[in-house]
Amino acid sequence: MRYVLRRLGFFVLTLWAALTLNFFIPRFMPGSPLQALRDRTHNRLSPAALEQMLTSYGFKPDENLFVQYLDYLRNMVTGRWGISIGATLGEPVTKVVGQALPWTLGLVGITTVLAFALGSLIGVVAGWRRGGRLDSLLPPVFVVTSALPYFWVGLLLILTFSVWTGGLLPSDFNYDSGLQPSLTPGFAANVLAHAVLPAATILITSIGGWILTMRNNMITTLAEDYVRMGRAKGLSNRRIMTTYAARNAMLPNLSGFAMSLGFVISGAILVEYVFNYPGLGYLLYNAVQNTDYPLMQALFMLFTVAVLVSVLVCDFATAWLDPRARAKG
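Residues numbered from 1 in each chain as written. Predicted model: local features only at pLDDT ≥ 70, side-chain atom pairs only at ≥ 80, totals over all residues. Heavy atoms only, no water.

**Focus on the overall build of the chain**
- Helices and strands together make up the secondary structure of the chain, namely 14 helices and zero strands.
- When the elements of the chain are put in sequence order from the N terminus, they spell out α-α-α-α-α-α-α-α-α-α-α-α-α-α.
- Considering only C-alpha atoms, the chain reaches an extent of 85 × 60 × 35 Å along its principal axes.
- Taken across its 329 residues, the chain has 38% of its residues classed as buried.
- Intrachain contacts of the chain at a sequence separation of at least 6 include 73% that bridge at least 24 residues. (Helix = DSSP H or I, 4+ residues; strand = E, 2+ residues; numbered from the N terminus. Buried < 20%, exposed > 50% of the residue type's maximum accessible area, 1.4 Å probe, protein only. Contact = heavy atoms within 4.5 Å.)

Written out as structure tokens, the structure is:
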């Protein structure tokens with residue numbers, strides 16, 4: 001119980017610190033919502049009219065900063081995230097976030113799980129057959145691809161599979177503009193076609209880390225005494241690889257996987273930007289560009305909570321699996 005309370009205390013303290021930074025950092029940025037709105041309207045409206053418009057949406061720059069901070073904390077906790085004052089002027093932030101969240105979860109979430117599963121499987125086989133053809137080829141190749149920038153890989157895939165092939169795979173948006181969203185096989189196929197290139201970009205640039213980590217864990221585990229005991233007992237190679245070695249080598253990777261799931265909600269900003277994919281990453285880019293305080297605050301709060309909850313769940317799972325973690329507190 002003491003371990004749980006201590007972790008929950010760290011969770012609350014870290015969340016408060018992150019929310020505080022989340023309030024002040026946007027206000028220290030160059031520019032202001034009023035200036036961004038003047039730029040978008042090309043000065044066709046007077047500053048007084050624009051300020052009155054923003055005030056009607058809850059933007060009160062002249063109010064005491066401490067009062068604004070207390071209102072902000074109360075609104076973040078109660079889920080009243082305000083009205084967007086950026087590109088989606090006048091739209092409730094909850095609605096804007098709700099429209100983008102499913103696309104990010106679908107694209108980045110599935111790709112993250114796929115990269116972890118494939119990377120761990122390749123790492124297990126490469127570590128088991130250390131020095132073999134698979135171990136000599138795949139880990140070095142994917143480690144190199146993991147060092148490549150997201151946007152560069154995305155642009156290369158667009159050039160190869162969209163431009164040079166005359167549009168074989170779509171390179172823009174999440175579905176064709178002429179379609180209406182519906183639960184039909186045709187619409188689902190169109191969505192999948194639009195997701196192929198951004199998903200491949202994320203997969204190519206993220207799978208190398210899982211392969212290298214799992215391979216190294218596997219090699220370390222194969223040197224343990226219980227693996228030698230399994231061999232001495234005459235167990236089959238398949239059982240030693242899966243039940244003895246891979247099962248234990250997987251434990252350190254689970255912590256990293258839990259962290260990765262927390263970062264899923266933040267989306268892959270550069271990938272979504274390159275492919276004009278309307279997820280949370282692209283939404284955050286637009287919010288920063290337009291100095292949209294309510295939308296930026298809501299998105300940063302969601303990212304922070306997602307990562308902290310993932311870390312908390314990982315801590316509890318580690319303590320449950322390893323009593324030494326509970327003893328250390």
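**Overview of helix α4 (residues 65-78)**
- Here α4 is 14 residues long and its end C-alpha atoms lie 20 Å apart, about the 20 Å a rise of 1.5 Å per residue gives.
- All of the buried residues in α4 are Gln68, Tyr69, Tyr72, Leu73 and Met76. In a view along the axis of α4, the buried residues occupy a sector of 135°, so they form one face of it.
- Structurally, the start of α4 carries an N-cap: the backbone nitrogen of Phe66 is 2.8 Å from a side-chain oxygen of Asn64.
- Within two residues after α4, Gly79 carries a phi angle of roughly 80°, on the positive side. (Expected span 1.5 Å × (residues − 1). Arc of directions from axis to C-beta. Polar contact = N/O pair within 3.5 Å; in protein donor to acceptor, adjacent residues only side chain to side chain.)

**What about unusual backbone geometry?**
- Positive phi, close to 65°, is recorded for Phe173, a residue that is not glycine.
- With respect to the element layout, Phe173 can be found in the loop between α7 (150-163) and α8 (185-222).
- Residue class for Phe173 comes out partly exposed when judged on its relative accessible area of 36%.
- For Asn276, which is not a glycine, the phi torsion comes out positive at approximately 50°.
- Within the secondary structure, Asn276 sits in the loop between α11 (269-274) and α12 (280-289).

**Details of a nonpolar patch on the surface**
- On the surface, Tyr150, Phe151, Trp152, Leu155, Leu156, Leu159, Val163, Trp164 and Leu270 cluster together into a nonpolar patch covering about 900 Å² of accessible area.
- No other element matches α7, which puts seven residues into the nonpolar patch. (Patch = residues over 30% accessible without salt bridge, like charges linked within 9 Å, V, L, I, M, F, W, Y side chains within 5 Å. Areas by Shrake-Rupley, 256 points an atom, 1.4 Å probe, with all protein chains shown as cover. Salt bridge = Lys/Arg side-chain N within 4 Å of Asp/Glu carboxyl O.)

**Focus: the side chain of Thr221**
- Locating Thr221 in the fold gives a position in helix α8.
- The residues touching Thr221, leaving out its near neighbours within four places in the chain, are Tyr226, Val227, Tyr244, Ala245, Asn248 and Ala249.

**Some remarks on the side chain of Arg215**
- Relative to the helices and strands, Arg215 resides in helix α8.
- Other than its neighbours up to four places away in sequence, Arg215 contacts Gly123, Ala126, Gly127, Arg130, Asp135 and Pro139.

**Description of the nonpolar core**
- Formed by 32 residues in total, the largest nonpolar core has its most connected members in Tyr72, Trp81, Val97, Leu280, Leu283, Leu295 and Leu299.
- Going through the elements one at a time, α1 (2-28), α3 (47-56), α4, α5 (93-128), α12 and α13 (293-321) are the ones with two or more residues in this core.
- For this core, the element with the most residues is α13, which contributes 10 residues.
- Among the nonpolar cores identified, the runner-up in size contains 15 residues, and Val108, Ile158, Ala268 and Val271 belong to it. (Core = buried A, V, L, I, M, F, W, Y, C linked by side-chain atoms within 4.5 Å.)

**Quick notes on the packing of α5 against α8**
- Axis separation between α5 and α8 bottoms out at 5 Å; the angle between their running directions is 35°. For α5 against α8, the interelement crossing comes out right-handed.
- Residue composition of the contact of α5 with α8, by class: 24 nonpolar, six polar and one charged. (Axes fitted to C-alpha atoms, helices over the stretch in contact; angles between N-to-C directions. Left-handed = near helix turned anticlockwise from the far one by under 90°. Nonpolar A, V, L, I, M, F, W, Y, C, P; charged D, E, K, R; others polar.)

**Section: the packing of aromatic side chains**
- One pass over the structure, following the stated rule, counts 15 aromatic pairs.
- Summarising the aromatic geometry, the rings of Phe300 and Phe303 are spaced 6.4 Å apart at their centres and angled 85° between planes, so their arrangement reads as edge-to-face. Placement of the pair is Phe300 and Phe303 together in helix α13, with a separation of three residues, close to one helical turn.
- Phe300 gets classed as partly exposed once you look at its relative accessible area, which sits at 32%.
- In this structure Phe303 comes out as buried when scored by relative accessible area, which is 11%.
- Ring pairs connect the aromatic residues Phe23, Phe24, Phe28, Tyr69 and Tyr72, which therefore count as one cluster. (Phe/Tyr/Trp six-rings, centres within 6.5 Å; stacked < 30°, edge-to-face > 60°.)

**Comments concerning α1**
- Between its terminal C-alpha atoms α1 stretches 39 Å, which fits the 39 Å expected from 27 residues at 1.5 Å a residue.
- When we look at burial in α1, the residues that qualify are Tyr3, Phe11, Leu15, Leu19, Thr20, Asn22, Phe23 and Pro26.

**What about the pattern of salt bridges?**
- By the definition in use, this model includes four salt bridges.
- The partner of Arg215 in a salt bridge is Asp135, and the shortest N-O contact between them spans 2.5 Å. Here Arg215 is found in helix α8, whereas its partner Asp135 is found in helix α6 (residues 133-146), with 80 residues between them in sequence.

**Comments concerning the confidence of the model for the chain**
- Scored by pLDDT, the chain has a mean of 85; 96% of the residues are at 70 or more.
- Mean pLDDT values for the elements of the chain range from 62 in helix α14 (residues 323-328) up to 92 in α7. (pLDDT = per-residue confidence, 0-100.)

**So, the environment of Leu159**
- Assignment of secondary structure puts Leu159 in helix α7.
- Of the residues examined, Leu159 reaches a relative accessible area of 33% and is grouped as partly exposed.
- When the C-alpha positions of Leu159 and Ala126 are compared, they lie 32 Å apart, and in sequence the two are 33 residues distant.

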